[in-house]
Amino acid sequence: MHSFDRRGKRLSWRILSYALRRMRTDPPLDHAEPVETLRRRAGVTVTPEGIGGDEALRIWQEVLAPACISVDHPRFFSYVPGAPSEAAGMFDVAISAANVYAGSWQEGAGAVFAENEALHWIAGLAGMPDGAGGVFVSGGTAGNLSALIAARWHWRHRGGGTHDRSRGIIVASRAAHSSVAQAARAMDADVVLVDTDGRGRMEGAATRAAIAALPEDDAARVFAVVATAGTTNVGIVDDLEGVGAAAREAGAWFHVDGAYGGAALCAPSRRGLFAGIEHADSFIVDPHKWLFAPFDSCALLYREPRIARAAHTQHAEYLDALHVNDDWNPSDYAHHLSRRPRGLPLWFSLATHGTRAYTEAVERTLAVTDAGAELIRRAPHVELILEPELSVLVFRRAGWTHEQYEEWSARVLAAGITFTVPTSWQGETCLRLCIVNPETTEADIALVLETLE
Ligand SMILES: *Cc1c(COP(=O)(O)O)cnc(C)c1O
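(A) Up close: the sheet that holds strand E2 (residues 169-173). Pairing is mixed across the open sheet formed by seven strands, whose spatial order is E1-E7-E6-E5-E4-E2-E3. Every interior strand has two partners, whereas the edge strands, strand E1 (133-137) and strand E3 (190-194), have only one. The sheet shows a mean angle of 20 degrees between the axes of neighbouring strands, taken without regard to direction. Examined bridge by bridge, strand E6 (residues 282-285) and strand E7 (residues 298-302) share four bridges and lie antiparallel to one another. Opposite Phe283, over in E7, you have Leu301 as the bridge partner. Each of E2, E3 and strand E4 (222-228) is contacted by helix H8 (residues 204-212), which is oriented at about 135 degrees to E3, the strand it contacts most.

See the structure below:
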């Protein structure tokens, strides 16, 4: 790599030692600052002469990094946190150092081979057939969109022209992730929502009924049925067997969104929840959520990759050299072209530690979740709202208003105790802890519960 000037080498060492220090020391939780504060404290950073690497690194370390919440902090419980292994995180640094390109086999065969090994492990956990394959994309949002584009291509292709000018319909549950509705908007497709049971679970019977209730013209427009394997808000796995059967009966593509929960496929204690996932036409899981890889990474798998390839391959004079033979080109399997090898941090860490370490780490987070649920059941001031299926705890602080939850959340973040934002369940504001970090302990949850007294 070129370095613009002679100071480059020493700077590289300084950046690398900062990276190692950051990885090895437990980070404070930190929090955002107003833009005026950052502008004042960072000063002018982009100038014609440059401020120099030492100064840029100082500003990053002293001003900017502390204005980013540490996602790997054991009491980061909001949204879906992440907890990359050191092997995965440092290998990501190495990939960047070499600027590995992984869009095509021609340019990145070694990287693509290794990414495919990691995909193969995931496909095996899901029980997908041998021919299954896919690609790592930036996240669940990109994964869902790419899978649904493949599904629509398949529907239109099979229609032999009859559907080319009609809007498709995606059937999904009310608890499906917002990215499914966003994909529909991007694709100009419609969404038919299926009611869930009392826990937010999408059932086969309700899916069948929702499709049966459609007028005949609309039923013919259904091209995909989406089930969620681990809803983001409460961690419930849909009835994959039943929903998959309903999709097949409707002649529709069956997509399973396991962006968060799919990681639990490697946990024997929860594997039973996923029965039926082996019928998926496509499936996603985000290694940056619960599989200990850094941002940004989503594993997207197809039962029949050739369909995705037909839907997504880009054609241009300058790209024709990539398609002279049957090479596996990751660019062809999603809505993208240039790409970094987003699956390599997962692959390196898996290869290093073995799949058993993954099983143990996921089981540990599940055990801590169960222990946390028991703490909540025993504490007089909080009430568990749902029994956890995966690693999300949803509970209320008895008697609190929406404002009290918000005030508490800001206060404990400012105090560096926990990053836990309120959510809602059936219209009621409540609290939600999402546990994906193997370093999170029962004591961390107990500490949060104490602050709620
Ligand atoms: C997080 C999540 C997504 C979106 O994933 P991003 O990586 O944030 O784009 C989609 N579906 C589910 C179920 C999720 O939990």
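(B) Summary view of the state of the cysteines. Tallied over the entire structure, the rule returns zero disulfides. Here Cys298 is not cross-linked by a disulfide; its sulfur's nearest cysteine counterpart is in Cys266, at 16 Å. Residue Cys298 is classed as buried on the basis of its relative accessible area, which comes to 0%.

(C) Main features of the site of the ligand. Around the ligand, the surrounding shell holds 15 residues, and the nearest of these are Gly140, Thr141, Asp257, Asp286 and Lys289. One nitrogen or oxygen atom from the side chain of Asp257 is found 2.6 Å from a nitrogen atom belonging to the ligand. Between an oxygen atom of the ligand and a side-chain N or O atom of Lys289, the distance comes to 2.9 Å. Summarising the interface, the protein chains cover 85% of the accessible area of the ligand, which totals 380 Å² for the free molecule. Only helix H6 (140-159) and helix H11 (287-290) provide two or more residues apiece to the shell around the ligand. No other element matches H6, which puts three residues into the shell around the ligand. Taken together, the residues of the shell around the ligand sort by class into two nonpolar, 10 polar and three charged.

(D) Focus on the side chain of Ser85. If you trace the backbone, Ser85 turns up in the loop between helix H3 (53-64) and helix H4 (86-98). By relative accessible area, Ser85 is classed as buried at 17%.

(E) Spotlight on the side chain of His336. Structurally, His336 can be placed in the loop between helix H12 (305-312) and helix H13 (344-353). Within the structure, His336 has its side chain in polar contact with the backbone oxygen of Pro330 (distance 3.3 Å). Leaving out residues up to four positions away in the same chain, His336 has contacts with Val135, Phe136, Val137, Gln314, Pro330 and Ser331.

(F) The arrangement of unusual backbone geometry in detail. With omega at -10 degrees, the peptide bond leading from Phe295 into Asp296 counts as cis. Structurally, Asp296 is set in the loop between H11 and E7. Positioned with a positive phi, Asp188 is a non-glycine residue whose angle comes to about 55 degrees. Take Asp188: its relative accessible area is 46%, and that puts it in the partly exposed class. Phi angles above zero are rare outside glycine, and Phe292 is one such case at about 60 degrees.

(G) Main features of the packing of helix H5 (residues 105-126) against H13. Viewed as axis vectors pointing N to C, H5 and H13 meet at an angle of 70 degrees, and their least axial separation amounts to 9 Å. When the interaxial angle is binned, H5 and H13 end up roughly perpendicular. In terms of crossing hand, the pair formed by H5 and H13 is left-handed. Residues Ala111, Ala114, Glu115, Glu117, Ala118, Trp121 and Ile122 of H5 form the contact with H13, whose own contacting residues are Leu344, Leu346, Trp347 and Leu350. The class makeup of the residues in the contact of H5 with H13 is nine nonpolar, no polar and two charged.

(H) Looking closely at the nonpolar core. In terms of nonpolar packing, the biggest core is built from 63 residues, with Leu240, Phe283, Trp290 and Leu346 touching the most fellow members. For this core, the element with the highest residue contribution is H5, accounting for six residues. Residue-level mapping places this core at the junction of two domains, with at least three residues from each of domain 2 (93-353) and domain 3 (356-451). Not counting residues within four places of it along the chain, the set of residues in contact with Trp290 comprises Tyr260, Gly261, Ala263, Ala264, Val362, Thr365, Leu366, Leu390, Ser391, Ile435 and Val436. Membership of the second largest hydrophobic core comes to 30 residues, among which are Val137, Ile170, Ala183 and Phe223.

(I) Focus on helix H14 (residues 355-378). Between its terminal C-alpha atoms H14 stretches 35 Å, which fits the 34 Å expected from 24 residues at 1.5 Å a residue. Among the residues of H14, Tyr358, Ala361, Val362, Thr365, Leu366, Val368, Thr369, Ala371, Gly372, Ala373, Leu375 and Ile376 are the ones counted as buried. Looking at the buried positions of H14, the neighbouring elements they touch are H5, H11, H13, strand E8 (382-384), strand E9 (392-397) and helix H16 (442-451).

(J) Region of the structure containing the sheet that holds strand E10 (residues 422-425). One open sheet holds the four strands; their spatial order is E8-E9-E11-E10, and the pairing between them is antiparallel. Because the sheet does not close on itself, it has two edges, and the strands there are E8 and E10. Ignoring strand direction, the axes of neighbouring strands in this sheet form an average angle of 45 degrees. Here E9 pairs with strand E11 (residues 428-434) via four bridges, running antiparallel. In the strand pairing of E11, Val392 is matched with Cys434. Set on the sheet, H14 makes contact with E8 and E9; between it and E9 the angle comes to about 15 degrees. Helix H15 (residues 402-414) contacts E9, E10 and E11 of the sheet and is inclined by roughly 30 degrees relative to E11.

Cut-offs and rules
Residues numbered from 1 in each chain as written. Predicted model: local features only at pLDDT ≥ 70, side-chain atom pairs only at ≥ 80, totals over all residues. Heavy atoms only, no water. Pairing = 2+ DSSP bridges. Helix = DSSP H or I, 4+ residues; strand = E, 2+ residues; numbered from the N terminus. Axes fitted to C-alpha atoms, helices over the stretch in contact; angles between N-to-C directions. Contact = heavy atoms within 4.5 Å. Disulfide = S-S within 2.5 Å. Buried < 20%, exposed > 50% of the residue type's maximum accessible area, 1.4 Å probe, protein only. Near = heavy atom within 4 Å. Polar contact = N/O pair within 3.5 Å; in protein donor to acceptor, adjacent residues only side chain to side chain. Areas by Shrake-Rupley, 256 points an atom, 1.4 Å probe, with all protein chains shown as cover. Nonpolar A, V, L, I, M, F, W, Y, C, P; charged D, E, K, R; others polar. Parallel < 35°, antiparallel > 145°, perpendicular 65-115°, else oblique. Left-handed = near helix turned anticlockwise from the far one by under 90°. Core = buried A, V, L, I, M, F, W, Y, C linked by side-chain atoms within 4.5 Å. Domains from an automatic or database assignment. Expected span 1.5 Å × (residues − 1).

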